[in-house]
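The primary structure of each chain is shown beneath.
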Amino acid sequence: MSPAREEVHVDVEGRTLRLSNLDKVLFPRTGTTKGEVLHYYAQVAPTLLPHLADRAVTRIRWPHGVAEGSFFEKNVPQGTPAWVRTVSVPTTGSRGESRHGDRLVFPVVDDLATLTWLVNLAALELHVHQWRVGRNGRPRNADRIVIDLDPGEPATLHECCQVALMVREKLAERDLEARPVTSGSKGLHLYAELSRRLPGEESTALAREVAEELQGEHPRLVTATMTKARRSGKVFLDWSQNASSKTTITPYSLRGRDKPFVATPVSWAEVEAGAEDPLGLEQVRMEEVLDRVADLGDLFA
């Protein structure tokens, strides 16, 4: 695929897609190319797609690689193939997303062709809501909650692991089973399936209750306060991502960091090791994720 602007047409599950710039380096520090990113998503698709199923997808795109600028995209772009499934969601307004008036039209990524099409647009990050789309094409209430553990320097993933064990206990007291995912950035995400679907304000209130309880019990280590100035040396428990309009990076998505890190499901044994040893758990790169899936299966299933 040289020169880089050369294109290739491929058949993806019966859809003909035009892929371009496969030699373009998207992660300069590691030399990772667009072709390698497409290969990762194709290989991980059987594991990733069930977690994207029926969820509206917000993308972050890096057209010129992670060393250059990026932009969020919620609405489907012009030129979207007719076969891409979409969902129309009411909105109170969002910068740069007014093309559809008071609604946002998201893609729903439920097949490899749609996933490949988006990644070819340099959509490295795939973010989803905590609700799914119903058979009628409308958003349903949340079927899970997520708590984002974000370390404020000098706190690290090590402190996040310690706090994650506390969050797990708090969720267990509410009959909720937590599943850990490294964020691919600095911290951890903890998910818990809900026994019944909840409106966004109720699921947000539940996550906030857990965060504020732990802030009260461990004020030197945990904060539930949004103010960044108060996060130094603490783990911020971000409960706000449960609002109906908010999204979180989906498990198995790449992140637009200096290296191709992935939001990676991990075991509680790995989190416990990270809580004991500052080097016991680290963020995971895309090639390691494929090895983990081959060896361990889907830890998020």
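These numbers were taken from a predicted model, which means no experiment stands behind them. (Residues numbered from 1 in each chain as written. Predicted model: local features only at pLDDT ≥ 70, side-chain atom pairs only at ≥ 80, totals over all residues. Heavy atoms only, no water.)

Caption draft 1: Broad picture of the packing of helix α3 (residues 157-173) against helix α5 (residues 268-276). Where α3 meets α5, the axes come as close as 7 Å, and the angle between the chain directions of the two elements is 125°. Between α3 and α5, the interaxial angle falls into the category oblique. Once α3 is placed against α5, the crossing between them reads as left-handed. Of the residues in α5, those touching α3 at His 158, Cys 161, Gln 162, Ala 164, Leu 165 and Arg 168 are Trp 268, Val 271, Glu 272, Gly 274, Ala 275 and Glu 276. Looking at the contact of α3 with α5 residue by residue, the class counts come to six nonpolar, three polar and three charged. (Axes fitted to C-alpha atoms, helices over the stretch in contact; angles between N-to-C directions. Helix = DSSP H or I, 4+ residues; strand = E, 2+ residues; numbered from the N terminus. Parallel < 35°, antiparallel > 145°, perpendicular 65-115°, else oblique. Left-handed = near helix turned anticlockwise from the far one by under 90°. Contact = heavy atoms within 4.5 Å. Nonpolar A, V, L, I, M, F, W, Y, C, P; charged D, E, K, R; others polar.)

Caption draft 2: Summary view of the environment of Thr 156. Its location among the elements puts Thr 156 in the loop between β11 (139-151) and α3. Residue Thr 156 is classed as partly exposed on the basis of its relative accessible area, which comes to 37%. Distance from Thr 156 to Val 284, taken between C-alpha atoms, is 15 Å for residues 128 residues apart in sequence. (Buried < 20%, exposed > 50% of the residue type's maximum accessible area, 1.4 Å probe, protein only.)

Caption draft 3: Main features of the nonpolar core. Grouped together as the largest cluster of nonpolar side chains are 43 residues, with contacts concentrated most on Val 37, Tyr 40, Tyr 41, Leu 48, Leu 52 and Leu 115. Breaking this core down by element, the ones donating at least two residues are β2 (15-20), β3 (25-27), α1 (34-52), β5 (57-61), α2 (112-120), β9 (123-128) and α6 (286-296). Ranked by residue count, the leading element in this core is α1, at nine residues. For this core, the two domains that each supply at least three residues are domain 1 (7-138) and domain 2 (140-296). If we skip the residues at most four places from it in the chain, Leu 115 touches Tyr 41, Ala 45, Leu 48, Leu 49, Val 109 and Leu 126. Ala 178, Leu 194, Leu 221 and Val 266 belong to the second largest nonpolar core, which has 35 residues in total. (Core = buried A, V, L, I, M, F, W, Y, C linked by side-chain atoms within 4.5 Å. Domains from an automatic or database assignment.)

Caption draft 4: How the structure looks around the sheet that holds strand β16 (residues 248-249). Reading across the sheet, the four strands line up as β6-β5-β9-β16 and stay open at both edges, with antiparallel pairing between neighbours. In this open sheet, the two edge strands, each paired with only one partner strand, are β6 (71-73) and β16. Bridge count for β9 against β16 is two bridges, and the pairing is antiparallel. Bridged to His 127 within β16 is Ile 249. Across the sheet, α1 touches β5 and β9, and the angle it forms with β9 is around 5°. (Pairing = 2+ DSSP bridges.)

Caption draft 5: A look at empty space enclosed by the protein. Going through the model one piece at a time under the given rule, you end up with one cavity of 30 Å³ or more. Roughly 50 Å³ of volume is contained in the largest cavity. What lines the largest cavity is Tyr 252, Thr 264, Pro 265, Val 289, Arg 292, Val 293, Leu 296, Gly 297 and Leu 299. Contributing elements (two or more residues each) for the lining of the largest cavity: β18 (264-265) and α6. No other element matches α6, which puts four residues into the lining of the largest cavity. (1 Å grid on protein atoms, 1.4 Å probe; cavity = no way out; pocket = protein on both sides within 12 Å on 5 of 7 lines; lining within 4 Å. Points joined across faces, edges and corners; volume = space filled by probe spheres on them.)

Caption draft 6: Inspection of the state of the cysteines at higher detail. Scanning all chains against the criterion turns up zero disulfides. Looking at Cys 160, it has no disulfide partner, and the nearest cysteine sulfur is the one in Cys 161, 7.0 Å off. (Disulfide = S-S within 2.5 Å.)

Caption draft 7: Spotlight on the domain arrangement of the protein chain. One can read the domain layout of the protein chain as domain 1 (7-138) and domain 2 (140-296). When each unit is reduced to the centre of its C-alpha atoms, the spacing between domain 1 and domain 2 is 24 Å. Contacts between the two partners involve 30 residues from domain 1, matched on the other side by 32 residues from domain 2. For the pairing of domain 1 and domain 2, the buried interface totals around 2,700 Å² over both sides, and the portion due to carbon and sulfur atoms is 58%. Our enumeration of links across domain 1 and domain 2 arrives at four salt bridges. Put simply, Asp 143 and Arg 132 hold a salt bridge, and the shortest N to O gap is 3.0 Å. Of all the secondary-structure elements, those providing two or more residues to the side of domain 1 that touches domain 2 are α1, β9 and β10 (131-133). The dominant element in the side of domain 1 that touches domain 2, judged by the number of residues it contributes, is α1, at 10 residues. (Buried area = accessible area lost by both parts, 1.4 Å probe. Salt bridge = Lys/Arg side-chain N within 4 Å of Asp/Glu carboxyl O.)

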